[in-house]
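# Secondary and tertiary structure notes
Here's the letter readout for the chains.
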Amino acid sequence: MQSEGAEIRDVHKTSCCIVGGGPGGAMLALLLARRGVSVMLLEMHKDFDREFRGDTIHPSILEILDQIGLADKLHEIPHTKATGPTFQFANGPFSPFNLKRLKTRFPYILIVPQVRFLEFITREAAKYPQFKLIMHANVQKMIEEDGVVRGVRYLGPDGMHEIRADLTVAADGRFSLLRRLAGIEPIKTAPPMDVLWFRLPKLPGEPEISGGVFGGIGRGRIFVMLERTDYWQSGLVFPKGQYQEMRAKGVEEVRKSIIEIAPRFAQHAEHLTDWQQFTLLSVESNRCPLWHKPGLLLIGDAAHVMSPVGGVGINYAIQDAVVATNVLAKPLLAGRVSDADLAEVQRQRELPTRAIQAMQSFMQRNLVANALRAQKAISVPWQLRLFVRIPILRNLPSRMIAFGLRRVRLAEP
Ligand SMILES: Cc1cc2nc3c(=O)[nH]c(=O)nc-3n(C[C@H](O)[C@H](O)[C@H](O)COP(=O)(O)OP(=O)(O)OC[C@H]3O[C@@H](n4cnc5c(N)ncnc54)[C@H](O)[C@@H]3O)c2cc1C
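The sections below set out a description of the structure shown in this document.

Analysis parameters
Residues numbered from 1 in each chain as written. Predicted model: local features only at pLDDT ≥ 70, side-chain atom pairs only at ≥ 80, totals over all residues. Heavy atoms only, no water. Phe/Tyr/Trp six-rings, centres within 6.5 Å; stacked < 30°, edge-to-face > 60°. Buried < 20%, exposed > 50% of the residue type's maximum accessible area, 1.4 Å probe, protein only. Lys NZ or Arg CZ within 6 Å of the ring centre and 35° of its normal. Near = heavy atom within 4 Å. Polar contact = N/O pair within 3.5 Å; in protein donor to acceptor, adjacent residues only side chain to side chain. Areas by Shrake-Rupley, 256 points an atom, 1.4 Å probe, with all protein chains shown as cover. Helix = DSSP H or I, 4+ residues; strand = E, 2+ residues; numbered from the N terminus. Nonpolar A, V, L, I, M, F, W, Y, C, P; charged D, E, K, R; others polar. Pairing = 2+ DSSP bridges.

### Section: the packing of aromatic side chains
Per the counting criterion, the structure on display carries nine aromatic pairs. Between the aromatic rings of phenylalanine 106 and tyrosine 108, the centroid separation amounts to 6.4 Å while the plane-to-plane angle is 90 degrees, which identifies the pairing as edge-to-face. Note on phenylalanine 106: relative accessible area 2%, which makes it buried. When the ring centre of tyrosine 231 is taken as origin, the NZ or CZ atom of arginine 199, which lies over that ring, is 3.9 Å away. Directly above the aromatic system of phenylalanine 214 lies the positively charged group of arginine 264, at a separation of 5.3 Å from the ring centroid.

### Considering the site of the ligand
For the ligand, the set of nearby residues contains 31 residues, the closest of which are Glu43, Arg50, Arg53, Thr56 and Asp301. One nitrogen or oxygen atom from the main chain of glycine 24 is found 2.9 Å from an oxygen atom belonging to the ligand. Here an oxygen atom of the ligand and a backbone polar atom of glycine 311 are 2.8 Å apart. Protein chains shield 89% of the accessible area of the ligand, which is 1000 Å² for the free molecule. Among the secondary structure elements, those contributing two or more residues to the shell around the ligand are helix 1 (23–34), strand 2 (39–43), strand 9 (138–145) and helix 9 (313–334). Within the shell around the ligand, the residues separate by chemical class into 13 nonpolar, 13 polar and five charged.

### Comments concerning the pairing of strand 9
Alignment of strand 9 against strand 10 (residues 148–156), held across seven bridges, turns out to be antiparallel. Residue glutamate 145 lies in a different strand from strand 10, and its bridge partner there is valine 148. Taking the residues that link successive antiparallel strands as the turn, the strand 9-strand 10 hairpin has two residues, and the phi of aspartate 146 there is positive, at about 50 degrees.

Here it is, written out as structure tokens:
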């Protein structure tokens with residue numbers, strides 16, 4: 001980090017300074033600019049192309065993009081669709097949810113590389129003169145005066161710059177610097193697993209996987225595969241704390257797990273030869289007790305990190321952005337954002353976040369933890385099989401994953 005005394009090259013003013021060009025920050029910038037609010041979006045990387053962080057666009061986001069006329073355009077990007085996973089258990093296949101039955105124009109998860117999605121959103125935002133994107137802007141300091149956050153300082157390739165803003169939004173992800181500087185400490189839960197993500201090739205003549213997602217369980221591991229346009233996005237879920245042991249055993253250990261759980265992918269597993277092919281997702285789940293302080297709002301992973309169950313992190317970050325736009329666009333245009341406005345964003349988003357985290361925790365305790373403890377194939381409890389057969393109950397998990405506790409819509413003026 002630069003020292004306190006680093007020379008400031010220039011000072012800019014904007015209504016809303018958003019730190020972090022992930023799904024939450026980029027979408028908030030687009031939606032606010034669309035409402036005429038001047039926004040600056042600061043992203044520390046020089047482009048959006050970086051390590052895998054999930055590529056899932058849920059029905060709720062597709063409906064919101066449809067509201068602003070962008071859903072069809074997003075579908076022009078090469079994609080695949082997933083309607084729900086089918087897990088192979090000792091007593092047969094089991095699908096915990098199926099989005100196909102939902103009443104929506106988009107009864108599926110659209111799978112688009114996150115880099116393409118972020119480029120798409122920021123390209124659309126750039127059509128509004130109120131929007132400014134600064135890449136390679138590494139925010140290092142929060143400006144606070146008389147207990148109110150007034151902006152940030154960032155380090156660009158040419159030195160330090162200052163942005164002054166009526167509102168600063170921390171959309172800077174799970175390791176949020178602004179959250180730490182604001183002294184906000186998240187309450188953590190400890191999901192029992194971690195995940196290794198990697199790609200497997202598509203080989204000639206492969207069967208299509210029903211619902212776009214396959215899952216298998218065995219020897220204390222869960223193997224998942226998501227169909228992509230030209231490869232399989234694959235994940236190996238294993239008990240937390242085992243990473244170093246697996247790393248020491250090397251790629252062979254991962255190959256062995258795949259072959260044991262899903263022998264039909266043995267040939268695919270041969271393409272794993274180097275540990276560099278893996279990305280570790282150290283699974284966390286947390287929620288901040290407070291999402292704001294005067295002049296500052298936390299959204300997305302900065303406010304709540306989601307467990308990967310259901311793959312909802314992107315969905316919830318974008319829903320936060322939509323609610324923040326609904327509540328804050330007018331006060332931002334008037335140049336008066338009160339602490340009560342910021343509290344209203346948290347009020348509308350906290351319950352849905354708690355609800356999905358409770359559901360994830362239930363699945364982790366009752367399905368994932370059992371599967372990870374077992375040393376052989378396990379069966380699905382009969383109660384769960386019954387649950388997914390009862391029409392009024394079976395759509396609940398799909399609805400929670402697709403939309404959350406309640407559908408979030410853009411409130412158009
Ligand atoms: C390996 C992995 C796989 C995942 N898979 C899925 C999935 O399949 N589906 C799903 O929904 N979710 C998935 N997630 C979670 C998902 O990535 C997050 O929930 C989601 O991206 C949160 O969006 P966000 O905008 O809040 O934060 P992020 O996407 O984390 O974006 C934060 C941005 O802030 C930038 N930033 C950070 N600090 C600074 C700074 N000081 N200055 C400037 N910029 C800064 C970062 O570079 C980043 O671009 C996965 C996560 C990981 C790590």
